[in-house]
Amino acid sequence: MSAVPAAAGRDRDASVRVPVRGLTVLYDAECALCSFVRDWLAGQPQLVPLELLPAGSEQAGRRFPGLDHGATLDEVTVVGDSGQVYRGAAAWIVVLWALREHRPLAHRLSTPAGARLARGAVLAAAKWRGGRWGGGAYRRGDGWSYDPRHGWTYDPPGCDGGACATG
């Protein structure tokens, strides 16, 4: 984690507080779970505006040139409007903090005991995405794509430059 929410169990000096007026959530657009959460977040009343941006996209690269964009596909990353970077459990806590109906939960999760619970939830989601519990995040580069109306389809990748991988 690069940053921890302000309510992480200790009081910060008021002179170093930086207000958060907006958050950008970088999500894996190729992941069914991530896209579901994106849609859920978009429908929630927000106290702090959330911008939902595909991780690893050209726009994300332009907006945040200092980030490791490969890592943003593996671990949920949230960027505050003043440059704060939150990863993993801290990212989920700060996103919940931005939501009107879930801010009390974010405050509970920002305690030491709550942070362990938040970390467990993030690890469970990672296991689901990795296919251990049936989620599996298939990337278009592998030829897989998902359409909620038609399900999963496979279109093998093309042969760039005449060189094709053989099985």
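Residues numbered from 1 in each chain as written. Predicted model: local features only at pLDDT ≥ 70, side-chain atom pairs only at ≥ 80, totals over all residues. Heavy atoms only, no water.

Our next topic: the side chain of Ser35. Within the fold, Ser35 resides in helix α1 (residues 32-42). Ser35 gets classed as buried once you look at its relative accessible area, which sits at 14%. Ignoring anything within four residues of it in the chain, the contact list for Ser35 reads Asp28 and Ala29. (Helix = DSSP H or I, 4+ residues; strand = E, 2+ residues; numbered from the N terminus. Buried < 20%, exposed > 50% of the residue type's maximum accessible area, 1.4 Å probe, protein only. Contact = heavy atoms within 4.5 Å.)

It is worth spelling out the packing of aromatic side chains at this point. A complete count under the given rule lists zero aromatic pairs for this structure. Here the basic side chain of Arg103 rests over the ring of Trp97, its NZ or CZ set 4.1 Å away from the ring centre. (Phe/Tyr/Trp six-rings, centres within 6.5 Å; stacked < 30°, edge-to-face > 60°. Lys NZ or Arg CZ within 6 Å of the ring centre and 35° of its normal.)

All told, the structure shown has four salt bridges when counted by the stated rule. Between Asp39 and Arg38 there is a salt bridge, with the nearest N and O atoms lying 2.8 Å from each other. Take Arg38: its relative accessible area is 23%, and that puts it in the partly exposed class. For the salt bridge of Glu58 with Arg62, the shortest nitrogen-to-oxygen distance reads 4.0 Å. In this pair, Glu58 and Arg62 are both assigned in helix α2 (residues 58-63), four residues apart and thus about one turn of the helix distant. (Salt bridge = Lys/Arg side-chain N within 4 Å of Asp/Glu carboxyl O.)

The nonpolar side chains of soluble globular proteins are, as a tendency, buried together. Leu23, Leu41, Leu50, Val78, Tyr86 and Val95 are the most contacted members of the largest nonpolar core, which has 23 residues in total. Only β1 (23-27), α1, α4 (88-98), α5 (103-109) and α6 (112-129) provide two or more residues apiece to this core. Residue contributions to this core peak at eight residues, all from α4. Those residues in contact with Leu41 that lie beyond four places of it in its chain are Gln46, Leu50, Leu52, Val95 and Leu99. Core analysis: the next-biggest nonpolar cluster, separate from the first, contains eight residues, Leu53, Ala60, Phe64 and Leu67 among them. (Core = buried A, V, L, I, M, F, W, Y, C linked by side-chain atoms within 4.5 Å.)

This brings us to the sheet that holds strand β4 (residues 85-87). Pairing is mixed across the open sheet formed by four strands, whose spatial order is β2-β1-β3-β4. One side of each edge strand has no neighbouring strand; the edge strands of this open sheet are β2 (50-54) and β4. Strand-to-strand twist in this sheet, taken as the mean axis angle between neighbours without regard to direction, amounts to 20°. Where β1 lies against strand β3 (residues 77-80), four bridges are found, and the strand directions are antiparallel. From the neighbouring strand, Thr24 faces β3, where its bridge partner is Val79. This element, α1, spans β1 and β2 of the sheet and lies at about 155° to β2. (Pairing = 2+ DSSP bridges. Axes fitted to C-alpha atoms, helices over the stretch in contact; angles between N-to-C directions.)

This part covers the environment of Arg87. Assignment of secondary structure puts Arg87 in strand β4. Spatially, the C-alpha atom of Arg87 lies 4.6 Å from that of Thr77, the residues being 10 residues apart in sequence.

What follows concerns α4. Since the α-helix packs 3.6 residues into each turn, any two residues three or four apart lie on the same face. Counting buried residues along α4, nine of its 11 residues qualify, which places the element largely inside the surrounding structure. Residues of α4 that are buried include every one of Gly88, Ala89, Ala90, Ala91, Ile93, Val94, Val95, Leu96 and Ala98, and no others.

A regular strand places its side chains so that they alternate between the two faces of the sheet. Summarising burial for β1: five of the five residues are buried, a large majority. Of the two faces of β1, the one lined by Leu23, Val25 and Tyr27 and the one lined by Thr24 and Leu26 are each fully buried. The pairing of β1 with β2 spans five bridges and is classified as parallel. Residue pairing across strands places Leu23 opposite Leu50, the latter belonging to β2. After leaving β1, the chain enters α1 and then returns to the sheet as β2, a path that is right-handed. (Right-handed = clockwise from strand over helix to strand, strands pointing away.)

The analysis is restricted to geometry; functional conclusions fall outside its scope.
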